[in-house]
Amino acid sequence: MMFWMFIYKNTSSSIKFRIINGLKNPFSKNLFDSSSYLWKGNKRLVKTIESRFRNISSKSKSLTTIVLFGLSGYTTKCLMHANIAKCSPIYENHTEEKEETDQKFDWYTFFEFLKPDIWILVVAVGAAFVVAVLNIQLPIYLGNIINVMTKFLKDQGSAAFTKEMKKPVMQILSLYVAQAAATFIYISLLSNVGERLAARMKCTLFDSIIKQDIEFFDKKRTGELVDCIAMDIQEFKSAFKLCISQGLRSTTQILGCAVSLYFISPAMTAAMLVVVPSVILSGTLIGSLLRIMSRKAQLQSVKATTISEEAISNIRTVRAFANESLESHKFNNEVYESCRLQEQLGIGIGLFQAGTNLFLNGLVLGTLYMGGYLMASQDLSAGHLMSFLVATQTIQRSLTQLSLLFGQFVKGIQAGTRAFQYINLEPSILLTEGKQIPYHSLVADVEFKKITFAYPTRPKQVILKDFDLTIPAGKTVAIVGSSGNGKSTIASLLERFYDVNFGEIIFGGVNLTQLNPSWLRGKAIGLINQEPVLFATTVMENIRYGKPEASDKQVFEAARLANADTFIKSFPEGYNTLVGERGVTVSGGQKQRIAIARALLKDPSVLILDEATSALDTESEKIVQQALDQLTKNRTVLIIAHRLSTVKNADIIVVLNNGVIVEMGNHETLMRKKGKYWNLMNQQELDKESRNNG
């Protein structure tokens, strides 16, 4: 019994077509489970072969006709099915080609992941080997049945026929039952091992990626990482299961059937050694051309998919510019171009299919002709001819499978290499290593000493140079300046998203690099951005994100202090209202107040407000500012501001220009100096008047 398995992959991307050999059933089909194959065929082909045996008696001739009739139909059917060109949708990983050519597959890590299920895998491999051995035996047992039929060419009575047929029929039935049991064992166990392996790898991969430095995410595209988690693991799992099952069975069947062929007929074996490899080689060459056509069609499908994804994800922009028709026109052009390429591919597949069937049917005819000649000369029995044809077909299918598996193996190794590269990647900033300052003894002062910093992605562009700043505990310090001067960089360094190139940051009397980063970000420091991110869940869960163990009562209190309780309760579902992806269903002011409630629930010692109100209108800003005033009480606060009206009450205002402090003081002091701060303030007042007059 020969089983063919196609592993289908899930994706949200475009479809690629590949030419594969196999049976119509995508999981398995017993090539020998129906006796109808033995009694179908081409009458003209039988007559041609039968004409070679004019010296055989009429009854022998009749039986020969029956046997060859069945062999012709059976073998033609199998050969045609064994080389059907199928369009099978698989999903391609569409990330840019990664510069990982020097990376090698980590076999040690792979076996570590496999170790928990190693004995299950051993049983599955053993069952697959048993199936392969039984497949080798099937042609011989089928030949024995044909030989018994030949023996009863003359009328010897149905009772004698039944008695003689009982043994070979029971043998082959036992073989079928054993094969079915072994097939069930290896497919189910191998599927379990593959799924568990993929689950362990996927969880470990996500855990490794989520703990990487911010520098890592600056250099990697989000789509690339998501594709690695989803597609690379899926690709590796499919390759693992296919190579273990089909690779083992195909290799065993090739070796076993090759030996069987030699013992059945050395002369025909020699002829097949010339013909079969040429069939495989020709099919591989033609298949490579079709894969090129498939690749072009697939890339074109990607273009159409990209346009649709961008249009749908940016639907508000499309709607705002009334460009629905333009996007539809662009999408239609790409779709019809993809359709044209797919039609060309279909024609190529049809030609390949027709040529393959014609060639293989000719091969069947040649085999029957030579086998019939040997039968006429009493050098080969009808049963042996049957066994030879079935064994040959088994070898041909197995060779084809191995050629296909090689490509699958290469893709699986590449996918596994990428996954293991990320799994083994160690962040430079370990999240759980370092000191934790007890809350009762924490004096939340911050000191920047001679800081020089450039982003890892732009190492030649120095953002901060010899930067010195002290933020006393319980004070509010505002950093102002034009865009691109390094204000938000200071906040990122305090959160330790990056380590400084030179200098040091002291937090609570301890060097920042000696503190536990998870404690620092999770307990000690709170951050509110200009555009806070809300998750696609309920308002309740978004606030609770600041303190996962918080009770509902604590969440309600935090929302009340953030001036968010009233508008939240006005929603139909209240705190159970879904805010949509990135909080798209709530306004900017509402989103900020939810973020403030989240920070209040966290109760940090140091608060960073990075342009927290700059994107809001005047009315929303007043409401949010009231919530911020509540939040900043008795805390050390660092304000990053572009709108200077929000920093007038700060204890210290720092004016930054090109990464260097040019002025420092409170609002009154800096206004009397009439320097950089005074100029910025006047410029904003003029801009405000201009907008009001306009």
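Cut-offs and rules
Residue indices begin from 1 for each chain and proceed along its sequence in written order. Note on the predicted model: pLDDT of at least 70 is required for a residue's local features to be given, and 80 or more for side-chain atom pairs to be given and counted; whole-chain, interface and lining totals, by contrast, use all residues. Hydrogens are left out, water is left out, and the side-chain values use all remaining heavy atoms of the structure. In DSSP terms, a helix is any run of H or I states spanning at least four residues, a strand is any run of E spanning at least two, and both are numbered starting from the N terminus. Under the scheme applied here, a residue whose accessible area is under 20% of the maximum for its type counts as buried, over 50% as exposed, and between as partly exposed, the area being computed with a 1.4 Å probe on protein chains only. Contacts between residues were defined by any pair of non-hydrogen atoms, one from each residue, lying within 4.5 Å. In these tables, accessible area is a Shrake-Rupley quantity obtained with a 1.4 Å probe, and a residue counts as shielded only by the protein chains included in the view. A pair of strands is treated as paired once DSSP finds two or more bridges between them. UniProt positions are given in the numbering used here, feature names are shortened, and annotations may be inferred rather than shown by experiment. Nonpolar side chains (Val, Leu, Ile, Met, Phe, Trp, Tyr) within 5 Å and like charges within 9 Å form the patches, drawn only from residues with over 30% relative accessible area and no salt bridge. A pair is scored as a salt bridge if a Lys or Arg side-chain nitrogen falls within 4 Å of a carboxyl oxygen belonging to Asp or Glu. As a per-residue quantity, pLDDT reports the predictor's confidence and falls between 0 and 100. What qualifies as a polar contact is a pair of N or O atoms within 3.5 Å, subject to a donor-acceptor requirement within protein and to the restriction that residues adjacent in sequence count only when both atoms come from side chains. Between N-to-C directions, angles span 0 to 180 degrees; the directions come from axes that are lines fitted to C-alpha atoms, helices contributing only their stretch in contact. We call two directions roughly parallel when the angle between them is under 35 degrees, roughly antiparallel when it is over 145, roughly perpendicular when it lies between 65 and 115, and oblique otherwise. Handedness of a crossing follows from how the near helix is turned relative to the far one, being left-handed for an anticlockwise turn of less than a right angle and right-handed for a clockwise one. Following the grouping adopted for this structure description, the nonpolar residues are Ala, Val, Leu, Ile, Met, Phe, Trp, Tyr, Cys and Pro, the charged ones are Asp, Glu, Lys and Arg, and the polar ones are all others, Gly among them. Throughout, the arc means the angular range of directions from the helix axis out to the C-beta atoms. Helix span, as expected, comes to 1.5 Å for every residue beyond the first. Here the bend at a residue is taken as the angle between two axes, fitted respectively to the seven residues that end there and the seven that start there. Only buried residues count toward a nonpolar core, which is a set of Ala, Val, Leu, Ile, Met, Phe, Trp, Tyr and Cys residues joined through side-chain atoms within 4.5 Å. Side-chain rings of Phe, Tyr and Trp, where Trp is taken by its six-membered ring, are said to pair if the distance between their centres is within 6.5 Å; with planes under 30 degrees apart they count as stacked, over 60 as edge-to-face, and otherwise as tilted.

With that settled, the discussion passes to the overall build of the chain. Secondary structure summary: the chain contains 20 helices and 12 strands in total. Per-residue burial for the chain yields a buried fraction of 47% across its 694 residues. Sequence separation of at least 24 residues holds for 79% of the intrachain contacts in the chain that already meet a minimum separation of 6. Taken as a whole, the chain presents about 34900 Å² of accessible surface, with 58% of it coming from carbon and sulfur.

Bridge count between strand β3 (residues 446-454) and strand β4 (residues 462-471): 6 bridges; the pairing is antiparallel. Within β4, the residue paired with A454 across the bridge is V462. As defined by bridge partners, β3 adjoins strand β6 (residues 502-507) across 5 bridges and the pair is classed as antiparallel. Residue F448 lies in a different strand from β6, and its bridge partner there is I505.

Now for unusual backbone geometry. In this structure, D466 is a non-glycine residue whose phi angle is positive, near 50°. Along the chain, the position of D466 falls in strand β4. Judged by its relative accessible area of 47%, D466 is partly exposed. In the Ramachandran plot, D603 falls in the positive-phi region, its phi being about 55° despite a non-glycine side chain.

Now for the UniProt feature "transmembrane region" (unreviewed entry) in the chain. Per the UniProt record, the feature "transmembrane region" (unreviewed entry) sits at residues 118-142, 173-193 and 270-290. What you have in residues 118-142 is 100% helix and 0% strand, and the ends, taken at the C-alpha atoms, are 36 Å apart. Annotated as residues 173-193, this span is 100% helix and 0% strand, and its ends, taken at the C-alpha atoms, are 30 Å apart.

What follows is about a nonpolar patch on the surface. Together, W107, F111, F406, F409 and V410 make up an exposed nonpolar region whose accessible area comes to about 510 Å². The element contributing the most residues to the nonpolar patch is helix α11 (residues 382-423), with 3 residues. You can see W107 is positioned in helix α3 (residues 107-114). Looking at W107, the relative accessible area reads 44%, which means it is partly exposed.

On to the confidence of the model for the chain. When pLDDT is averaged across the chain, the result is 75; 78% of the residues are at 70 or more. Ignoring residues within four places in sequence, the model shows residues 1-101, a span with pLDDT below 50, making 248 contacts including any to other chains.

With respect to the secondary-structure elements, S250 resides in helix α7 (residues 222-264). On the accessibility criterion, S250 (0% relative accessible area) is buried. Here the side chain of S250 touches Q246 through a polar contact of 2.7 Å, landing on its backbone oxygen. Discounting chain neighbours no more than four positions away, the residues touching S250 are S398, Q401 and L402.

Spatially, the 6 strands line up as an open sheet ordered β8-β9-β10-β5-β11-β12, and their pairing is mixed. This sheet does not close on itself; its edge strands, each paired only once, are β8 (525-528) and β12 (660-665). Shown here is a sheet whose adjacent strand axes are inclined to one another by a mean of 20°, direction ignored. Examined bridge by bridge, β8 and strand β9 (residues 606-610) share 4 bridges and lie parallel to one another. Its bridge partner being in β9, I528 is matched across the sheet by L609. Contacts from helix α12 (residues 487-494) reach β5 (476-480), β8, β9, β10 (636-641) and β11 (652-657), with the element oriented near 145° to β10.

Here we take up the pattern of salt bridges. Overall, the coordinates contain 18 salt bridges when judged by the stated rule. Measuring nitrogen to oxygen at the nearest pair gives 3.3 Å for the salt bridge that ties K569 to D565. Pair noted here: K569 and D565 are both in helix α16 (residues 565-569), with a separation of 4 residues, about one helical turn. Sharing partners across several salt bridges, the network here consists of D117, R196 and R200.

It is at 8 Å that the axes of helix α15 (residues 552-561) and helix α17 (residues 588-602) come closest, and there the two elements cross at 125°. By the angle class used here, α15 and α17 are oblique. α15 and α17 meet at a crossing whose hand is right-handed. Contacts between α15 and α17 involve Q554, V555, A558, A559 and L561 on the former and, on the latter, A597, L600 and L601. Here the contact of α15 with α17 is composed, by residue class, of 7 nonpolar, 1 polar and no charged.

Here we take up the side chain of Q212. Here Q212 shows up in the loop between α5 (158-210) and α6 (214-219). A relative accessible area of 8% places Q212 in the buried class. Of the polar contacts made by the side chain of Q212, one reaches the backbone oxygen of L425; its length is 3.0 Å. The residues contacting Q212, other than those within four sequence positions of it, are F217, Y422, L425, E426 and P427.

Taken together, the 4 strands give an open sheet; going across it, the order is β4-β3-β6-β7, and neighbouring strands pair in antiparallel fashion. Two strands bound the open sheet, and with one partner strand each, they are β4 and β7 (510-511).

Residues of α3 that are buried include every one of T109, F110, F113 and L114, and no others. Mapping the buried residues of α3 onto a view down its axis gives an arc of 140°, with all of them on the same face.

Moving on, we get to the pairing of β11. In this sheet, β11 lies alongside β5 in parallel orientation, the contact comprising 4 bridges. The residue bridging V477 from the neighbouring strand is I652, located in β11. Where β11 meets β12, 5 bridges bridge the pair, whose relative direction is antiparallel. Looking at the pairing, N657 lines up with V660 of β12. Following β11, the chain reverses through 2 residues before pairing antiparallel with β12; N658 in that reversal takes a positive phi of roughly 55°.

Look at α7: 60 Å from first C-alpha to last across 43 residues, which is about the 63 Å you get at 1.5 Å a residue. Of all the bends in α7, the greatest measures close to 40° and is centred on C228.

Turning our eyes to something else, we now look at the nonpolar core. In terms of nonpolar packing, the biggest core is built from 43 residues, with I543, I596 and Y677 touching the most fellow members. Tallying contributions element by element places α17 first for this core, with 6 residues. Each residue touching I543, except ones within four places of it in the same chain, is listed here: V555, A559, I568, Y575, I594, A597, R598 and L601. Residues F453, F467, V510 and L515 belong to the second largest nonpolar core, which totals 35 residues.

Below, the discussion takes up the packing of aromatic side chains. The final tally for this structure, using the stated rule, is 21 aromatic pairs. Centre to centre, the rings of W107 and F110 are 5.9 Å apart; their planes meet at 80°, and the pair counts as edge-to-face. Residue W107 and its partner F110 are both found in helix α3; the two are separated by 3 residues, about one turn of the helix. Judged by relative accessible area, which is 7%, F110 ranks as buried. Aromatic pair F110 and F236: ring centres 5.6 Å apart, planes at 85°, arrangement edge-to-face. Remark: F236 occurs in helix α7 and F110 occurs in helix α3; sequence separation between them is 126 residues. Every member of this aromatic cluster is reached through a ring pair, and the members are F105, W107, F110, F111, F113, F236, F240 and F420.

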